[in-house]
Amino acid sequence: MPRRIVIGIQGVGHRVIDSVWRLGYAARFFTLTLLKSGASIRRFSLIIRELYFTGVLTMVIILVSGLFVGMVLGLQGYETLQKYGAETAVGTLVALSLVRELGPVVAALLFASRAGSAITAEIGLMKATEQLEAMGMMAVDPVARVVAPRFWAGVISMPLLAAMFSTMGVFGGYLVAVVLIGVDEGSFWSQMQSMVDFRFDIVNGIIKTCVFGVAITAIAVFEGYDAQPTAEGVSGATTRTVVTSALVILGLDFVLTAFMFRGVG
Amino acid sequence: MQRATMDLWVGLFVIAGVGALLILALKVGNLGTYNEAKSYTLVGNFENIGGLKIRAPVKSAGVVVGRVTDIQFSMKSFDAAVTMNMDNRYQFPKDTFASILTSGLLGEQYVGLAAGGDEGMLKSGDKIMKTNSALVLEDMIGRFLFDKASENSDGDGEDDSRL
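Residues numbered from 1 in each chain as written. Chains lettered and ligands numbered in written order. Predicted model: local features only at pLDDT ≥ 70, side-chain atom pairs only at ≥ 80, totals over all residues. Heavy atoms only, no water.

What follows covers the overall build of chain A. Check the secondary structure of chain A and you find nine helices and zero strands. From first element to last, N terminus to C terminus, chain A shows the α and β order α-α-α-α-α-α-α-α-α. Each of the three principal axes of chain A carries a C-alpha extent, and together these read 65 × 60 × 30 Å. For chain A, the proportion of its 265 residues judged to be buried stands at 46%. Considering only contacts in chain A between residues 6 or more positions apart, those separated by 24 or more positions represent 85%. Summed over all atoms, the accessible surface of chain A reaches about 12900 Å², with 69% contributed by carbon and sulfur. (Helix = DSSP H or I, 4+ residues; strand = E, 2+ residues; numbered from the N terminus. Buried < 20%, exposed > 50% of the residue type's maximum accessible area, 1.4 Å probe, protein only. Contact = heavy atoms within 4.5 Å. Areas by Shrake-Rupley, 256 points an atom, 1.4 Å probe, with all protein chains shown as cover.)

In structure tokens form, the structure reads like this:
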């Protein structure tokens, strides 16, 4: 009996040490990526190729889900607000919730599951088929050639995608509230414009998306690079990317919101 | 895929993203309607600002003409000094009347400006001399109860004299 307890406690200690070690390794890998990204920025065509895969191919899902999220917000917001005779405030509701929270967070979650998982799977498979080692043999640094362009493409495309998401959401809210239900168009836009502040709401939202972009792509490239070089290992790494990214996005969102919107307005 | 096609798609993607940002800034946000660079500041001292907050609108005749940028407690006159950022397009006479109003029964509070008849216009940094405090509901209820109470006691007095 005591022996079983000792083994159990040993297991806990092993896991803690293991996760701390992995976190340190991830931080070292992140710094290495930043240090070696100079070469990939000079060869910008590499980043453009990755922008196509992470940005352009994610655009469709972002645009469609943005539209639907905005439409749902318009519908639900109208249902509640009209009870208080404030249905013209539905524009403010849709715009503020999209620009401040839903745009960055939902776009980041979609981006993590669409682009982040693809990055991890690609790098993991390259590792499993020993392409990364082959590159090393040919004196091509795999971090500079494979990892850094994917990282920067993700960081660039995340704010753009989130902006598209929010814009489509506002358009969706407009479609439902003004076109379908018949809220007054003039007060829909004017209330929105009087309540949404550029520096306070929109810039803070953009800062959020930039932070999410760095976090998601850093997690994705690290999990891919660190994957066990087997089919099972790659699939596990892909799952870990999505799960970790989602948790990190939601956690970071709370921290950033607490700093940005605390006690103002 | 061909390099040129890929470049084209990425170009479209970046243009769409930047366009979305622009739409957010101009159509959804207040960058298109209100430009802080072309503005001047006015200060008004209010006895009581009620629930006025920073970024609350300044309206004249219902049109947003500026925004509250700062609220400080003034140690000189022991009242609230409210700094307002005004749009340059709108100039107001020197004897403009500023009051703190509420939009609707439960709405947000804002500063309402009523233009006077003076020839001279307010310049940046000027102080609005005529101000009217916010209505504080507790004060009103208190005054109402006080009036009622005194009315009743007057009534009692009359009854007494009649007896």
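That covers the picture; the talk isn't over yet.
Contact residues are listed per partner, giving 33 residues for chain A and 28 residues for chain B. Between chain A and chain B, a total of about 2700 Å² is buried, with carbon and sulfur atoms accounting for 75% of that surface. If you sort the residues of chain A by the area they bury against chain B, Tyr52, Leu160 and Gln193 of chain A come out on top, with a joint share of 22%. One can count zero salt bridges joining chain A with chain B. (Buried area = accessible area lost by both parts, 1.4 Å probe. Salt bridge = Lys/Arg side-chain N within 4 Å of Asp/Glu carboxyl O.)

For the rest of this paragraph, the subject is the packing of helix α8 (residues 198-226) of chain A against helix α9 (residues 231-260) of chain A. Residues and elements named next belong to chain A. The interhelical angle for the contact between α8 and α9, taken along N-to-C directions, is 155°, at an axis separation of 9 Å. When the interaxial angle is binned, α8 and α9 end up roughly antiparallel. Of the two elements, α8 crosses α9, and the hand of that crossing is right-handed. Within the contact between the two elements, α8 uses Phe200, Asn204, Ile207, Lys208, Val211, Phe212, Ala215, Ile216, Ile219, Ala220 and Glu223 and α9 uses Ala237, Arg240, Thr241, Thr244, Ser245, Val248, Ile249, Leu252, Asp253, Leu256, Thr257 and Met260. Residues of the contact of α8 with α9, tallied by class, amount to 14 nonpolar, five polar and four charged. (Axes fitted to C-alpha atoms, helices over the stretch in contact; angles between N-to-C directions. Parallel < 35°, antiparallel > 145°, perpendicular 65-115°, else oblique. Left-handed = near helix turned anticlockwise from the far one by under 90°. Nonpolar A, V, L, I, M, F, W, Y, C, P; charged D, E, K, R; others polar.)

We now examine a nonpolar patch on the surface. Taken together, the side chains of Leu135, Leu137, Met140, Ile141, Phe144 and Leu145 of chain B present a nonpolar region at the surface, about 650 Å² in accessible area. Here Met140 of chain B shows up in helix α2 (residues 137-162). (Patch = residues over 30% accessible without salt bridge, like charges linked within 9 Å, V, L, I, M, F, W, Y side chains within 5 Å.)

It is worth spelling out empty space enclosed by the protein at this point. Considering all chains together, one arrives at one cavity of 30 Å³ or more under this definition. By volume, the largest cavity amounts to about 90 Å³. Lining the largest cavity, in full, are Val99, Pro104, Pro159, Ala162, Ala163, Ser166, Ile202, Gly205, Ile206 and Thr209 of chain A together with Leu21 and Leu24 of chain B. Secondary-structure elements contributing two or more residues to the lining of the largest cavity are α4 (90-128), α6 (142-181) and α8 of chain A together with α1 (3-28) of chain B. Tallied by class, residues from the lining of the largest cavity come to nine nonpolar, three polar and no charged. (1 Å grid on protein atoms, 1.4 Å probe; cavity = no way out; pocket = protein on both sides within 12 Å on 5 of 7 lines; lining within 4 Å. Points joined across faces, edges and corners; volume = space filled by probe spheres on them.)

As a further point, take unusual backbone geometry. All names here are of chain A. Positive phi, close to 60°, is recorded for Glu130, a residue that is not glycine. One can find Glu130 in the loop between α4 and α5 (131-137). A positive phi angle, close to 60°, is found at Ala139, a residue other than glycine. For Ala139, a relative accessible area of 74% gives the class exposed.

The domain architecture assigned to chain B consists of domain 1 (1-30) and domain 2 (39-142). Centre-to-centre, using C-alpha coordinates, domain 1 of chain B lies 41 Å away from domain 2 of chain B. (Domains from an automatic or database assignment.)

All names here are of chain B. Following the sequence through the fold, Leu145 ends up in helix α2. Residue Leu145 is classed as exposed on the basis of its relative accessible area, which comes to 52%. Spatially, the C-alpha atoms of Leu145 and Gly62 are 33 Å apart, while their sequence positions differ by 83 residues.

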